[in-house]
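Topology and contacts: notes
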Amino acid sequence: MGSTLTEATDPWCLRPGESAALLRGHPWRRFVVLGDSVAEGLCEPVDGYSDLQWADRIAAELRAVQPGLAYRNLGRRGLRAHEVRAAQLASALAFGPDLALVVCGGNDAFRPGYDPDAVDAELSVMITALQDAGASVITVGMFDVSHSPAVPEALRAGLRERMRQLSTHTGRLAERLGTLHVHLTDHPAVADPSLYSGDGRHGSARSDAIATAETLRVLAAHLTPR
């Protein structure tokens, strides 16, 4: 979906020099990403916005401050939370991260049979294991894709309820486990159609740019005072 903005004029994106200021002196050296297609990066291009997807861009911004940063993205499209844990957690731990992004549950919430407690349990296992291994963990309340014009009207209300339930549960889990939580579900731009791709399931390059800005600001808040 098109936008009349560009990343340079978008009020929700990073300003020139902001990333370097936010991340100045950050301690992270090994960044790993676990998750589904949102982690892998399936955003739709938008004129005027970077084509670098969200997780890769976080890594690039971290590396701009710490050039020796090691980065591994294990994200794969189509996976539900239990599949992310089964397929990716061992590899993530073997990487030896000190920072991890865990983003999944969206494919569970797309199904009418979504079980929030089961997703919570899978997320808890991954978060706790990563924290026990010495990593700071980023969790996410995702943009509510039910606002996408590509979502059929008949499915919109049910999807919105489940996506918000997922976000609420993940936020509570983040508070309980002490993660670095990025809450995008109630972002002021969440209902803007330009945030969503034409497939009705994913975001656009604009949503990834906004998510990057919000993620870096959460990281910076964790680093203050430095």
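Residues numbered from 1 in each chain as written. Predicted model: local features only at pLDDT ≥ 70, side-chain atom pairs only at ≥ 80, totals over all residues. Heavy atoms only, no water.

Once that is clear, we can look at the side chain of Thr179. Mapped onto the secondary structure, Thr179 falls in the loop between α7 (153-177) and β5 (180-183). Residue classification places Thr179 among the buried residues on the basis of a relative accessible area of 13%. A polar contact is formed between the side chain of Thr179 and the side chain of Thr139, at a distance of 2.7 Å. (Helix = DSSP H or I, 4+ residues; strand = E, 2+ residues; numbered from the N terminus. Buried < 20%, exposed > 50% of the residue type's maximum accessible area, 1.4 Å probe, protein only. Polar contact = N/O pair within 3.5 Å; in protein donor to acceptor, adjacent residues only side chain to side chain.)

Attention shifts here to the packing of aromatic side chains. Pairs of aromatic rings are described using the distance from one ring centre to the other and the angle between the two planes. Under the defined criterion, the tally for this structure stands at 1 aromatic pair. On the basis of an interplanar angle of 20° and a centroid distance of 5.5 Å, the ring pair of Phe31 and Tyr71 is categorised as stacked. Of this pair, Phe31 sits in strand β1 (residues 30-35) while Tyr71 is found in strand β2 (residues 70-73), placing the two residues 40 residues apart along the sequence. The ring of Phe95 carries Arg30 above its face, with NZ or CZ at 4.2 Å from the centroid. Over the face of the ring belonging to Phe110 we find Arg201, whose NZ or CZ atom lies 4.1 Å from the ring centre. (Phe/Tyr/Trp six-rings, centres within 6.5 Å; stacked < 30°, edge-to-face > 60°. Lys NZ or Arg CZ within 6 Å of the ring centre and 35° of its normal.)

Okay, the pattern of salt bridges next. Applying the stated criterion across every chain yields a total of 13 salt bridges. For Arg160, the salt bridge goes to Asp144, with nearest N and O atoms at 3.5 Å. Taken as a pair, Arg160 in helix α7 and Asp144 in the loop between β4 (136-141) and α7 lie far apart in primary sequence, 16 residues in all. For Asp144, a relative accessible area of 0% gives the class buried. A salt bridge links Asp186 to Arg164, with the nearest nitrogen and oxygen atoms 2.8 Å apart. Here Asp186 is found in the loop between β5 and α8 (205-223), whereas its partner Arg164 is found in helix α7, with 22 residues between them in sequence. By relative accessible area, Asp186 is classed as partly exposed at 49%. Taking the relative accessible area as the measure of exposure, Arg164 reaches 30% and is therefore partly exposed. (Salt bridge = Lys/Arg side-chain N within 4 Å of Asp/Glu carboxyl O.)

The next thing to look at is the pairing of β1. Across the 6 residues of β1, 5 count as buried, placing the element largely inside the fold. Looking at chain direction, β1 and β2 are connected through 4 bridges and run parallel. Across the sheet, Val32 pairs through a bridge with Arg72, a residue of β2. Both β1 and strand β3 (residues 99-103) contribute to a ladder of 5 bridges, which runs parallel. Bridge assignment links Leu34 to a residue of β3, and that residue is Val102. (Pairing = 2+ DSSP bridges.)

A word on the packing of helix α4 (residues 81-95) against helix α6 (residues 116-132). Axis separation between α4 and α6 bottoms out at 10 Å; the angle between their running directions is 5°. By the angle between their axes, α4 is roughly parallel relative to α6. On α6, the residues touching Ala81, His82, Val84, Arg85, Leu89, Ala92 and Leu93 of α4 are Val119, Glu122, Val125, Met126, Ala129 and Leu130. (Axes fitted to C-alpha atoms, helices over the stretch in contact; angles between N-to-C directions. Parallel < 35°, antiparallel > 145°, perpendicular 65-115°, else oblique. Contact = heavy atoms within 4.5 Å.)

Glancing now at the environment of Gly25. Mapped onto the fold, Gly25 is located in the loop between α1 (18-23) and β1. You can call Gly25 exposed: its relative accessible area is 57%. For the pair formed by Gly25 and Leu62, sequence separation is 37 residues and the distance between their alpha carbons is 9.9 Å. With residues near it in sequence (within four places) discarded, Gly25 still touches Val65 and Gln66.

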